[in-house]
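Summary of the model geometry
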Amino acid sequence: MKISEMAERSGLSIDTLRFYEKIGLIEPPPRDDAGRRDYPEAALGWIRFLDQLNATGMKQADRIRYARLRAEGPATYAERRAMLEAHRTEIARRLAELEETLALMDRKVAHYRALENETQKEMTNV
């Protein structure tokens, strides 16, 4: 697929796709007879995976390292797994923090609702 279609389907800009190629996050795609990029369908899945790693807070340097390991092939399976396990641990820790924060927000909202109800009752009785 051409770069414009890849940009549309991946949600990344054309400039971002070119930048990702430059820094090694995605392999430069083959070129057609006119010299235009012609991305294979599989590149879309890889870009989506990179997007998920980014969304979960994986640093760009770590994504680049992971991409380089991936390009090296099966000999890097253990190292890639270890990277993902470490990242998963960090995601789980952050998720637990968010759950605690959500519970606090729920308590605060309930508290303010109770205060509002109390105030309304007092105003009605005046």
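Residues numbered from 1 in each chain as written. Predicted model: local features only at pLDDT ≥ 70, side-chain atom pairs only at ≥ 80, totals over all residues. Heavy atoms only, no water.

Contact pair helix H1 (residues 3-10) / helix H3 (residues 41-55): the axes reach a minimum separation of 10 Å and the direction vectors enclose 40 degrees. Classified by the interaxial angle, the pair formed by H1 and H3 is oblique. For the pair H1 and H3, the crossing hand works out as right-handed. Listed contacts from H3 to Met 6, Arg 9 and Ser 10 of H1 are Glu 41, Ala 43, Leu 44, Ile 47 and Arg 48. Of the residues assigned to the contact of H1 with H3, the class counts are four nonpolar, one polar and three charged. (Axes fitted to C-alpha atoms, helices over the stretch in contact; angles between N-to-C directions. Helix = DSSP H or I, 4+ residues; strand = E, 2+ residues; numbered from the N terminus. Parallel < 35°, antiparallel > 145°, perpendicular 65-115°, else oblique. Left-handed = near helix turned anticlockwise from the far one by under 90°. Contact = heavy atoms within 4.5 Å. Nonpolar A, V, L, I, M, F, W, Y, C, P; charged D, E, K, R; others polar.)

Here we take up the nonpolar core. Met 6, Leu 17, Leu 25, Ile 26, Tyr 39, Trp 46 and Ile 47 are the most contacted members of the largest nonpolar core, which totals 21 residues. Among the elements of the structure, H1, helix H2 (14-23), H3 and helix H4 (60-72) are those that each provide at least two residues to this core. Beyond its immediate sequence surroundings of up to four residues, Met 6 is in contact with Met 1, Gly 11, Leu 17, Tyr 39, Pro 40, Ala 43, Leu 44 and Ile 47. (Core = buried A, V, L, I, M, F, W, Y, C linked by side-chain atoms within 4.5 Å. Buried < 20%, exposed > 50% of the residue type's maximum accessible area, 1.4 Å probe, protein only.)

A separate point is the environment of Tyr 112. Following the sequence through the fold, Tyr 112 ends up in helix H5 (residues 77-124). Taking the relative accessible area as the measure of exposure, Tyr 112 reaches 48% and is therefore partly exposed. Sequence separation between Tyr 112 and Arg 63 is 49 residues, and the spatial gap between their C-alpha atoms is 43 Å.

Let us now look at the packing of aromatic side chains. Under the definition given, this model contains three aromatic pairs. With a centroid separation of 6.1 Å and 15 degrees between ring planes, the pair formed by Trp 46 and Tyr 66 is classed as stacked. Of this pair, Trp 46 sits in helix H3 while Tyr 66 sits in helix H4, and the two are 20 residues apart along the sequence. Each member of the pair, Trp 46 together with Tyr 66, is buried. Joined through ring pairs, the aromatic side chains of Trp 46, Phe 49 and Tyr 66 make up one cluster. Its guanidinium or amino end placed over the ring of Trp 46, Arg 70 lies 3.9 Å from that ring's centre, counting from NZ or CZ. (Phe/Tyr/Trp six-rings, centres within 6.5 Å; stacked < 30°, edge-to-face > 60°. Lys NZ or Arg CZ within 6 Å of the ring centre and 35° of its normal.)

Summed over the entire model, instances satisfying the criterion amount to eleven salt bridges. Notably, a salt bridge pairs Glu 41 with Arg 9, separated by 2.7 Å at the nearest N-O pair. Of this pair, Glu 41 sits in helix H3 while Arg 9 sits in helix H1, placing them 32 residues apart in sequence. Take Arg 9: its relative accessible area is 33%, and that puts it in the partly exposed class. (Salt bridge = Lys/Arg side-chain N within 4 Å of Asp/Glu carboxyl O.)

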